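# Breakdown of the fold
Residues per chain, in single letters:
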Amino acid sequence: IVDSVSGTVDSSSLSSDSIKTTISTTTVENSTASADTVPTNKDQTPQELDQMQSIALQMMSYFTIGALATFAHSALFDSIGQKIGAGLRKELFTKLIHQEA
């Protein structure tokens, strides 16, 4: 059987039934222990809920502002890149037209 404190196995009493029982018992104990430690909305005060809502709204606004700034950055760089490319093409074409044959 498995010692729950040290996690060692007693090899003298190993059988498939005892292993299955030990595993299922350990799983049930672990699942009930973790369910007790998870806070629910009932455990939180209205002030804590308001604070969490405020933090969530701040995070959403930061992400929205970041997304808008990223969009503006991309649009500006795309626009500037297009203008530079067009100017270079126009300059090249002008020089090719005016060169001597």
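A brief look at the structure comes next. (Residues numbered from 1 in each chain as written. Predicted model: local features only at pLDDT ≥ 70, side-chain atom pairs only at ≥ 80, totals over all residues. Heavy atoms only, no water.)

Quick look at the overall build of the protein chain now. Looking only at helices and strands, the protein chain has two helices and zero strands in total. Looking at the protein chain residue by residue over its 101 residues, the buried ones come to 2%. A total of about 9000 Å² of accessible surface is found on the protein chain, and carbon and sulfur atoms cover 64% of it. (Helix = DSSP H or I, 4+ residues; strand = E, 2+ residues; numbered from the N terminus. Buried < 20%, exposed > 50% of the residue type's maximum accessible area, 1.4 Å probe, protein only. Areas by Shrake-Rupley, 256 points an atom, 1.4 Å probe, with all protein chains shown as cover.)

A few words on a nonpolar patch on the surface. Where nonpolar side chains cluster on the molecular surface, the patch consists of Leu76, Phe77, Ile80, Ile84 and Leu88 and spans about 540 Å² of accessible area. What makes Ile80 partly exposed here is its relative accessible area of 46%. (Patch = residues over 30% accessible without salt bridge, like charges linked within 9 Å, V, L, I, M, F, W, Y side chains within 5 Å. Salt bridge = Lys/Arg side-chain N within 4 Å of Asp/Glu carboxyl O.)

The next point concerns the pattern of salt bridges. All chains considered together, the criterion is met by one salt bridge. A salt bridge links Lys95 to Glu91; the shortest N-O distance between them is 3.5 Å. Taken together, the residues span about one helical turn, with Lys95 and Glu91 both in helix α2 (residues 46-98) at a distance of four residues. Judged by its relative accessible area of 55%, Lys95 falls in the exposed class.

Geometry only, nothing functional implied.
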